[in-house]
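Working through the structure, step by step
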Amino acid sequence: MSIPHTKRVCQIIKLKPEAEAEYKAVHANVWPGVLAALARHHIADYSIHYYPPLHLLIANFKYTGSDYEADMRGIAADPETQRWWKLTDGMQESLVEGATGSGGSIPWWQELEEVFRFEGASA
């Protein structure tokens, strides 16, 4: 079953090699407040994949709201999410020039351009 959405997002960031085990451990038990903030701000079907040879984290999610920028500001203003980012940002290296951390004016994760999409044949 497909989730209706207005926008799909794919982002990448580097994971510091020495943080791999810790990053996986904290993501095995994401704080409920962080998940609630994502849901409250119309984020669905969120996953993060890891490609070890390049130390790349690849995030994908669907945005189902009507004001992406406002919802991203809402997530950034959430105190539990801010605490989560304090924990996880230190494990990552941004690919975005000038980025200093999640929730800043310069994105921490690099957003990627979608070049192909197939949603299946219509019945």
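Predicted model only: the values in this text are computed from it and were never measured.

**Section: the overall build of the protein**
- Scanning the protein from terminus to terminus reveals four helices and five strands.
- When the helices and strands of the protein are read in sequence order from the N terminus, they spell out β-α-α-β-β-α-α-β-β.
- Against the compact-globule benchmark of 14 Å for 123 residues, the protein has a radius of gyration of 15 Å, which places it among compact chains.
- By its C-alpha atoms, the protein is 50 × 35 × 30 Å across when sized along the principal axes.
- Here the protein, with 123 residues, has 32% of them falling under the buried criterion.
- Of the contacts made within the protein by residues no fewer than 6 positions apart, 65% connect residues no fewer than 24 positions apart.
- Put simply, the protein shows about 7900 Å² of open surface, and 56% of that area lies on carbon and sulfur atoms.
- Put simply, the protein has 11 plus and 16 minus side-chain charges, and the middle of one group is 2 Å from the middle of the other.

**What about the pairing of strand β1 (residues 7–15)?**
- As paired elements, β1 and strand β3 (residues 56–63) share eight bridges and run antiparallel to each other. Each residue of the ladder has a partner; that of C10, found in β3, is N60.
- Bridge analysis of β1 against strand β5 (residues 110–111) gives two bridges, and the strand direction is antiparallel. If you follow Q11 over to β5, its bridge partner there is E111.

**Brief notes about the pairing of β3**
- The buried count for β3 comes to six of eight residues, which makes it a mostly enclosed element.
- Note that strand β2 (residues 43–51) and β3 share seven bridges and pair antiparallel. Bridged to Y50 within β3 is L57.
- Taken together, β2 and the strand that follows it, β3, pair antiparallel across an intervening segment of four residues, in which H55 is found at a positive phi of about 55°.

Rules used in this analysis
- Residues numbered from 1 in each chain as written.
- Predicted model: local features only at pLDDT ≥ 70, side-chain atom pairs only at ≥ 80, totals over all residues.
- Heavy atoms only, no water.
- Helix = DSSP H or I, 4+ residues; strand = E, 2+ residues; numbered from the N terminus.
- Rg over C-alpha atoms; globule rule 2.2 N^0.38 Å.
- Buried < 20%, exposed > 50% of the residue type's maximum accessible area, 1.4 Å probe, protein only.
- Contact = heavy atoms within 4.5 Å.
- Areas by Shrake-Rupley, 256 points an atom, 1.4 Å probe, with all protein chains shown as cover.
- Lys, Arg positive; Asp, Glu negative; His and termini not counted.
- Charge placed at Lys NZ, Arg CZ, Asp CG, Glu CD.
- Pairing = 2+ DSSP bridges.

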